[in-house]
Amino acid sequence: MTTPGTWEGSDWEEVIDEVTQRISDLSVESSHRISKKAKKQQRSQFREYASMLLENEFPSETIQFRGSSSISLNSWMDIIPLNFLRHCLQGGFQIQLMMNPTLHNVFDVNGSTLSNSSGANLSQLEKRLFMSKTSDAAKKADRDMNRNRRNRMNAKHHFITADCD
């Protein structure tokens, strides 16, 4: 007789126990063949899988956007494609998620609410002028950052030039 909500007593109990044991082993595995960063990521991922199987903790991920928009994902069916897209799109992930109708369909979100927080009603030229890396705002931010960095370095090394005077 099976207990509702568990694998106990079912035909799958032995298989699930083996899978759970293998996932627990992978969550602490150490190998010299993979990089430290990859090991850390692997352990983290398998710890999440193990906690889901052993403690019935389901994954949860929230993506925040400019403004007050956010998306909450609460299943592996949504989180695995999310992680894949983050890896592939890297820095362009959020802008693609806000503007791309295919991604709106994948994550079942209303694109207009996500896009309104970033000015989606802009033409292609306006987007290029305001949102690109070569926009005036981005150039000004870059100049300010360089100026601040130069001032910090000058202040840090001021004692060296002060002794020469």
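Here the structure is a predicted model, which means the values were calculated and not measured.

1. Quick word on the overall build of the protein
Within the protein one finds nine helices and two strands. In the protein, which comprises 165 residues, the share counted as buried stands at 19%. Counted over contacts in the protein with a minimum sequence separation of 6, partners at least 24 positions apart contribute 34%. Looking at the protein as shown, the accessible area adds up to about 12700 Å², and 53% of this sits on carbon and sulfur atoms.

2. Comments concerning the nonpolar core
Core analysis: the largest hydrophobic core is formed by 13 residues, its most contacted members being Ile63, Leu73 and Leu97. Every element with two or more residues in this core is listed here: strand 2 (70-73), helix 3 (76-89), helix 4 (93-99) and helix 5 (101-107). With four residues, the top contributor of residues to this core is helix 3. With residues up to four places along the chain from it excluded, the contact list for Ile63 reads Ser69, Ser70, Ile71, Leu73, Leu82, Arg86, Phe93, Gln94 and Leu97.

3. Some remarks on the side chain of His104
Position of His104 relative to the elements: it lies in helix 5. We classify His104 as buried; its relative accessible area is 10%. From its side chain, His104 meets the backbone oxygen of Leu97 in a polar contact 3.0 Å long.

4. Points about the pattern of salt bridges
Working definition: two side chains of opposite charge can pair if their charged atoms are close together. For the structure on display, the rule yields three salt bridges. Ionic pairing is found between Arg86 and Glu61, a salt bridge with its closest N-O pair at 2.7 Å. Of this pair, Arg86 sits in helix 3 while Glu61 is found in strand 1 (residues 61-64), placing the two residues 25 residues apart along the sequence. One salt bridge connects Asp144 with Lys140, and the closest N-O pair in it is separated by 2.9 Å.

5. Let's talk about a negative patch on the surface
Taken together, the side chains of Glu8, Glu14, Asp17 and Glu18 make up a negatively charged region of the molecular surface. For Glu8, the location among the structural elements is in the segment before helix 1 (13-26).

6. As for the pairing of strand 2
Because side chains alternate across strand 2, one face comprises the buried residues Ile71 and Leu73, and the other comprises Ser70 and Ser72, none of which is buried. With four bridges connecting them, strand 1 and strand 2 associate as antiparallel partners. Bridged to Glu61 within strand 2 is Leu73.

7. With respect to the packing of helix 1 against helix 2 (residues 36-55)
Packed helices, taken two at a time, are described by the angle their axes make and the gap between the axes. Relative orientation of the contacting elements helix 1 and helix 2 amounts to 150°, with a least axis distance of 8 Å. In this view, helix 1 runs roughly antiparallel relative to helix 2, as classed from their interaxial angle. Remark: the crossing between helix 1 and helix 2 carries left-handed chirality. For the pair helix 1 and helix 2, contact is made by Val19, Thr20, Ile23, Ser24 and Leu26 and by Gln42, Arg43, Phe46, Tyr49, Ala50, Leu53 and Leu54, respectively. Partitioning the contact of helix 1 with helix 2 into residue classes produces eight nonpolar, three polar and one charged.

Thresholds applied
Residues numbered from 1 in each chain as written. Predicted model: local features only at pLDDT ≥ 70, side-chain atom pairs only at ≥ 80, totals over all residues. Heavy atoms only, no water. Helix = DSSP H or I, 4+ residues; strand = E, 2+ residues; numbered from the N terminus. Buried < 20%, exposed > 50% of the residue type's maximum accessible area, 1.4 Å probe, protein only. Contact = heavy atoms within 4.5 Å. Areas by Shrake-Rupley, 256 points an atom, 1.4 Å probe, with all protein chains shown as cover. Core = buried A, V, L, I, M, F, W, Y, C linked by side-chain atoms within 4.5 Å. Polar contact = N/O pair within 3.5 Å; in protein donor to acceptor, adjacent residues only side chain to side chain. Salt bridge = Lys/Arg side-chain N within 4 Å of Asp/Glu carboxyl O. Patch = residues over 30% accessible without salt bridge, like charges linked within 9 Å, V, L, I, M, F, W, Y side chains within 5 Å. Lys, Arg positive; Asp, Glu negative; His and termini not counted. Charge placed at Lys NZ, Arg CZ, Asp CG, Glu CD. Pairing = 2+ DSSP bridges. Axes fitted to C-alpha atoms, helices over the stretch in contact; angles between N-to-C directions. Parallel < 35°, antiparallel > 145°, perpendicular 65-115°, else oblique. Left-handed = near helix turned anticlockwise from the far one by under 90°. Nonpolar A, V, L, I, M, F, W, Y, C, P; charged D, E, K, R; others polar.

As far as function goes, none of this settles anything; it's purely spatial.
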